[in-house]
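Single-letter residue listing:
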Amino acid sequence: MLIIGTLLFGFQTSRQHAGRDSIAIPMLLGLYGFWLHVCAVVMVMREANTLTDVGSFLVQILSGANFPVTVLPRWLLPIALALPLTYGFDAVRVSC
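Conventions we followed
- Throughout, a residue's number is its position along its own chain's written sequence, starting from 1.
- pLDDT decides what is reported in this predicted model: residues at 70 or higher carry local features, side-chain atom pairs at 80 or more are listed and counted, and totals for whole chains, interfaces and linings draw on all residues regardless.
- Working from all heavy atoms in the structure, the side-chain values ignore hydrogens and water.
- For the purposes of this section, nonpolar cores are sets of buried Ala, Val, Leu, Ile, Met, Phe, Trp, Tyr and Cys residues that join through side-chain atoms within 4.5 Å.
- For every residue, the accessible area obtained with a 1.4 Å probe (protein chains only) is divided by the maximum for its type, and the residue is called buried under 20%, exposed over 50%, and partly exposed between those limits.
- Every helix listed is a DSSP run of H or I at least four residues long, and every strand listed is a run of E at least two residues long, numbered separately from the N terminus.
- Contacts are residue-level and defined by heavy atoms, with any inter-residue pair within 4.5 Å sufficient.
- Multiplying one less than the number of residues by 1.5 Å gives the expected span of a helix.
- Counting of polar contacts relies on pairs of N or O atoms within 3.5 Å, with two restrictions inside protein: one atom must be capable of donating a hydrogen and the other of accepting it, and residues adjacent in sequence are counted only when both atoms are side-chain atoms.

S.K.: Let's hear about the nonpolar core: which residues, and what values?
M.R.: In summary, soluble globular proteins display a tendency toward joint burial of nonpolar side chains. Within the largest apolar cluster, 10 residues are counted, these being Met27, Leu31, Val59, Leu62, Val69, Leu72, Leu76, Ala80, Leu83 and Leu85. Taken together, the elements giving at least two residues each to this core come down to helix 2 (15-45) and helix 3 (48-63). In contact with Leu83, not counting residues within four places along its chain, are Phe34, Val59, Leu62 and Ser63.

S.K.: If you had to explain helix 3 to someone new, which residues and values would you point to?
M.R.: Working note: α-helix, 3.6 residues per turn, so residues spaced by three or four point in the same direction. Between its terminal C-alpha atoms helix 3 stretches 21 Å, which fits the 22 Å expected from 16 residues at 1.5 Å a residue. Backbone geometry just after helix 3 places Gly64 at a positive phi near 85°.

S.K.: Provide a residue-level description of the environment of Leu51, including the pertinent values.
M.R.: Among the secondary structure elements, Leu51 is positioned in helix 3. Spatially, the C-alpha atom of Leu51 lies 9.6 Å from that of Cys39, the residues being 12 residues apart in sequence. Look past the residues within four positions of Leu51 in its chain and what remains in contact with it is Val38, Val41, Val42 and Met45.

S.K.: Quick rundown of the side chain of Ser63? Include the residues and the values.
M.R.: Residue placement: Ser63 occurs in helix 3. Only 2.7 Å separates the side chain of Ser63 from the backbone oxygen of Val59, close enough to count as a polar contact. If we skip the residues at most four places from it in the chain, Ser63 touches Val69, Leu83, Leu85, Thr86 and Phe89.

S.K.: A description of the environment of Val42 should follow, citing residues and the corresponding values.
M.R.: Looking at the element boundaries, Val42 is found in helix 2. Note on Val42: relative accessible area 15%, which makes it buried. In sequence terms Val42 and Thr52 are 10 residues apart; their C-alpha atoms lie 8.2 Å from each other. Each residue touching Val42, except ones within four places of it in the same chain, is listed here: Glu47, Ala48 and Leu51.

Structure, rendered in structure tokens:
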């Protein structure tokens, strides 16, 4: 989106945001891989609605989108740390 915004509309980012942009690219690559696996499970199950709704909710909760994962119970931490989005959110929080 940043590339399209720059090419079409002349959008410019400051140097302050360059660190966050460099964090977003690896995070997005990890997310694409993760959701490709989810898509494969959906194709096998042939029922996308339930799995997509539940999966999106669990990823949002376990990745720390609304709060740091350190407040999760200890038994949920290994699951949260297996998600690539968790590291992206932590890196963005540190860079701010």
